[in-house]
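Chain by chain, the residues run as shown.
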Amino acid sequence: MHPPQWIAAWVLLLHGCAMDRPPQAASAKTDIRNCTADPPYLPPTAINTTARLAALRGTMRAHSVHAYIVPSTDAHMSEYIAERDSRLGWLTGFTGSAGTVVVTWDKAALWTDSRYWIQAERQLDCNWELQRTTWIKSIGLWILEAVPAGGNISLDPFLFSIDTWNSYSQALHGSGRTLLPIETNLVDQVWGDQRPPPASSEIYSLPAAFTGSSWQEKVAGIRQQMEQHVRRPTAVLLSGLEETAWLFNLRGNDIPYNPVFYSYTLLTNSSISLFVDETRLSAAARQSLRAGCPGPLCVELQEYGQARAHLRRYTQGNVTVWLGTEYTTYGLYGVIPQEKLLEDSYSPVMLAKAVKNAKEQELLRAAHVRDAVAVIQYLLWLEKMVPQGQVDEFSGAQHIDMLRQAQEHNRGPSFQSISASGLNAALAHYSPSNRSSRKLSVDEMYLSDTGGQYLDGTTDITRTMHWGVPTPLQKEAYTRVLMGNIDLSRLIFPPNTAGRVVESFARRALWNVGLNYGHGTGHGIGNFLSVHEWPVGFQSNNVPLTAGMFTSIEPGYYRDGEFGIRIEDVALVVEAQTKHHTGEKPFLTFEVVSLVPYDRNLIDLSLLSLEQLSLQRSSSFKDFAKSKVSSPVPSEKEFNLEENIPEDESSGSVPDDAARSSGMKLSKKWRAVISRTMNRKMGRMAVKALAEGKGDVEEEGSLCPLSPAGSTEEPSHEKVPLSYLEMEEDGHPSVSRQLSSGEPGPGRTPAPRPAAGRILISLPSTGSDVSSPGSSNRDSLRLEESGPAYSGPFCGRARVHTDFTPSPYDKDSLKLRKGDIIGIIEKPPVGTWTGLLNNRVGSFKFIYVDVIPEETAPARKSRGPSKSKRLKPKTLHELLERINLQEHASTLLLNGYQTLEDFKELRETHLNELNITDPQHRAKLLTAAELLLDYDTASEPEEGDSSEAQPSPSEPKGDIPRDSGCFEGSETLDSSRDEAELGGPEGQLRDLSLAESS
């Protein structure tokens, strides 16, 4: 879901600058107002506001107000507001989340940004002018023209931030008009008894398993910042609803889709005052807040309406109040003497909340995994139902909400689902209803922007799809939007870089052909809080990007009256691994945590670079299978996307495990992308599993149980290559990986099945995705293996140069002491490395270590003149060039074959899915894949050879596994091996390439 944006002047909607624009669909003209017609035409979505405006103008005259300004927010500057605070919506009929209204005695106008222009034309009647901007300067100029000199311009001071008040004051300064605050809200007076009542639902404590730290620890951290500040403030004032909810680990339900509650907090260096409706607190919440009484950690509960009076009394003493101007209203700000103010754009609590600690990061990752299950199920359901004409926008939105509800820890959607087909998708924030809902069609594009609230995190994801034949413009626009998403998410940038500096990378591919979009490129996201979490993002008023922040990345393109495109992922800001280190802080990059595939039907491969095709950005699966105290663990079930997909709308809620049917099959369009992408991530989990040596869990249904009754043989530790178990038409599991023999190829003998060592890696399926917070701490990997703690390969060694002790919440990081030698198991280009230290496998940051240079290996003994120069491809591109099949590079890359390790697992059934039909090409590709496997088994190093890349000579040697993160070997053939004969794989591969050239 894209963020709000005060659109900068340079952001233009360049519709059709590069291409001829076809005529607008006729239906688009009948769903917007036409005030120039006689009589004026209003669509069914508009409401008559004549009586409401007349009542408000009467009240304005009674207060000698010539112009009244109404915002779209509440007393806490919330973006999403309760119905009770929707004054602008009630007055105008416009339901967009951003806008400003000015009403004079004879005019009325609405200002909003480009996301809502078409929506406003659909919802406003002809009493209203639509101003297509949000600049306060523009509003001020309009007021100066509409109100004569000497007039009073009024507003509610509790609905405007300090900065906004100052902007209006400046716009009207010296004009002869007076900016007059009126604490009695005039719209509320007109609304009267029809205004909805205040919220009354329970305010509850978030379970400890779903919090990053206790509220007492958070308070201690904020007080430490107060002490260290040069001004030494005595108190921090919190007005934002997210601030208080996060600080005290409390949640409520006062605003739809946002688990917050109406409150203020005044945190001093010796006391805490929480202004809230005390009667709504649960017993556990009350006990948690009062546990430290009396004392500095005792929370004094006071009435919500007394916040201003209490603040006035407090500031009579020798105090300094620290506040954030973006979320503090002028009504509160005005009671604090200027000399007792410490102002920043955002409070220290808001900034602390924006940077997630290690536990909060894992919680959000876990939420995105389960959320991806629901979204992929929705996409599969759409592929079946849309061609039958059984889905409209409204029923689609309901269905995705239902699928999310089946996921564990779900607490509903994180915003009103955006389900838009055809021309409705051109409205960036369109949400369907029973009155306005188009039928989904294979002939139109469909945009789905949805999200979920889970106890462990908030999610937000947008996918655009087309089930038929897209137009060339649609395909190019989609591909360029995808290119922008990829380019920004793979960017490496210096620390303390503001998001606005790098935002243009998301627009570059569109700009190159004269296209653009009119909304922001990303926003922060919370841990079971708001889906738009400030101050993270790519706008001018966002703070610099810092490791630990989560942000969405969501470029788009909208063609008025035709279609809309948006591709949104959520990414974590992480430290980047760079060749050089030029400062104290490392450079940064993004790690994508969204796990839903894109629509290949809309991708023009010719526009994508090879780097963009090699889409390896998300490492969410890398550590997800590990047991963590900080995050609920997955269940021990196979990850099967085809489970729990209701056949039609009448199927009701998702059935439980016992009643599940096999569901529908994966279509070819999605199967390869989903299974290979996820299995590639799971390959890393297999390495983790081997490293942790968990061999005491018997696999259910295993052919080789470890129990004494099952086998009396000694466990075999023979290394067997990892292989896929693809979903075939007979219904085998679609996404799983086992440590077992691969499918035998032509002329090859299958590797013997080991008696032990088999791994089944599973992801959650609907209904049992994660355990409850109180469940046992089990690993989701099921292993049947015995042996040492780690017997796999190493990427090298590293020497610790700086001590590091992980926090009590971080159970994965290694404790480092200067001088320690770490055996490197995995060193991905971003994020943390994995290594072996003191017989324990864990993660560590490369900034604390120096990689030990490897000694030159001794010269190998010559095996004769026939071993002159080895012919060994190092990349997939080089291999395809040798066999003259470069034409298949794009197809292989897009379908998950991105390295030589991927290519080794190519089978004939995969070629069918890839639609490679030429018999000679098929034979050459399969033969090349088999020869690559032979590289790993044809010979072993000669006696006396050694590799200093291992921490100890006693460590067993082995291949660097697929997706291990060791760049020295993950995409090359093992250079430490020699072939026993000239006719080995090198010679055969040479012959294969020569055969084509001849």
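Per chain, residue numbering runs from 1 following the sequence as it is written. Owing to the predicted nature of the model, reporting of local features is limited to residues with pLDDT of at least 70; listing and counting of side-chain atom pairs is limited to 80 or more, with chain, interface and lining totals taken over all residues. Side-chain numbers here rest on the full set of heavy atoms in the structure, without hydrogens or water.

A. Structural detail: the overall build of the protein. Put simply, DSSP H or I for four residues or longer makes a helix, DSSP E for two residues or longer makes a strand, and each gets a number counted from the N terminus. Of regular secondary structure, the protein possesses 26 helices and 36 strands. To sort residues, take the accessible area from a 1.4 Å probe on protein chains only and compare it with the maximum for the residue type: under 20% means buried, over 50% means exposed, and anything in between is partly exposed. When the 998 residues of the protein are sorted by exposure, 58% land in the buried category. The contact definition used throughout considers only heavy atoms, calling two residues in contact when any of these lie within 4.5 Å. Partitioning the contacts of the protein with sequence separation of at least 6, the portion at a separation of at least 24 is 73%. Carbon and sulfur atoms form 51% of the exposed surface of the protein, whose accessible area is close to 39,500 Å². Computed with the Shrake-Rupley method and a 1.4 Å probe, the accessible areas treat only the protein chains shown as cover for residues.

B. Focus on the pairing of strand 2 (residues 100–104). Across the five residues that make up strand 2, a large majority, five, are buried. The side-chain alternation of strand 2 yields two buried faces, one formed by T100, V102 and T104 and the other by V101 and V103. Strands are treated as partners if at least two bridges between them are detected by DSSP. When strand 1 (residues 67–71) meets strand 2, the two strands line up antiparallel, connected through five bridges. If you follow I69 over to strand 2, its bridge partner there is V102. Note that strand 2 and strand 3 (residues 108–111) share four bridges and pair antiparallel. If you follow T100 over to strand 3, its bridge partner there is W111.

C. Geometry of the sheet that holds strand 4 (residues 129–131). Pairing is mixed across the open sheet formed by six strands, whose spatial order is 4-3-2-1-5-6. In the strand order of this sheet, the two ends are held by strand 4 and strand 6 (178–181), each with one partner. The sheet shows a mean angle of 25° between the axes of neighbouring strands, direction not considered. Axis definition: a line fit to C-alpha positions, over the contact stretch in the case of helices; interaxial angles, taken between N-to-C directions, run 0 to 180 degrees.

D. Representation of helix 8 (residues 241–248) within the structure. Within helix 8, eight of the eight residues are buried, which leaves it mostly tucked inside the rest of the structure. Taken together, the buried positions of helix 8 are occupied by L241, E242, E243, T244, A245, W246, L247 and F248. With its phi angle positive at about 55°, N249 sits one or two positions after the end of helix 8.

E. Layout of the state of the cysteines. Two cysteine sulfur atoms make up a disulfide if the distance between them is within 2.5 Å. The full count for this structure, using the stated rule, is two disulfides. Between the sulfur atoms of C35 and its disulfide partner C126 the distance amounts to 2.1 Å. When the S-S torsion is -95°, as for the bridge of C35 with C126, the disulfide is left-handed. Of this pair, C35 sits in the segment before helix 1 (50–62) while C126 sits in the loop between helix 3 (117–123) and strand 4, and the two are 91 residues apart along the sequence.

F. Looking closely at unusual backbone geometry. Look at the link from D38 to P39: it is a cis peptide, with omega at 0°. As for its position among the elements, P39 is in the segment before helix 1. With omega at -15°, the peptide bond leading from C293 into P294 counts as cis. Positionally, P294 belongs in the loop between helix 9 (283–290) and strand 12 (299–302). Despite not being glycine, R232 has its phi angle at roughly 50°, a positive value. You can see R232 is positioned in the loop between helix 7 (215–228) and strand 8 (235–238).

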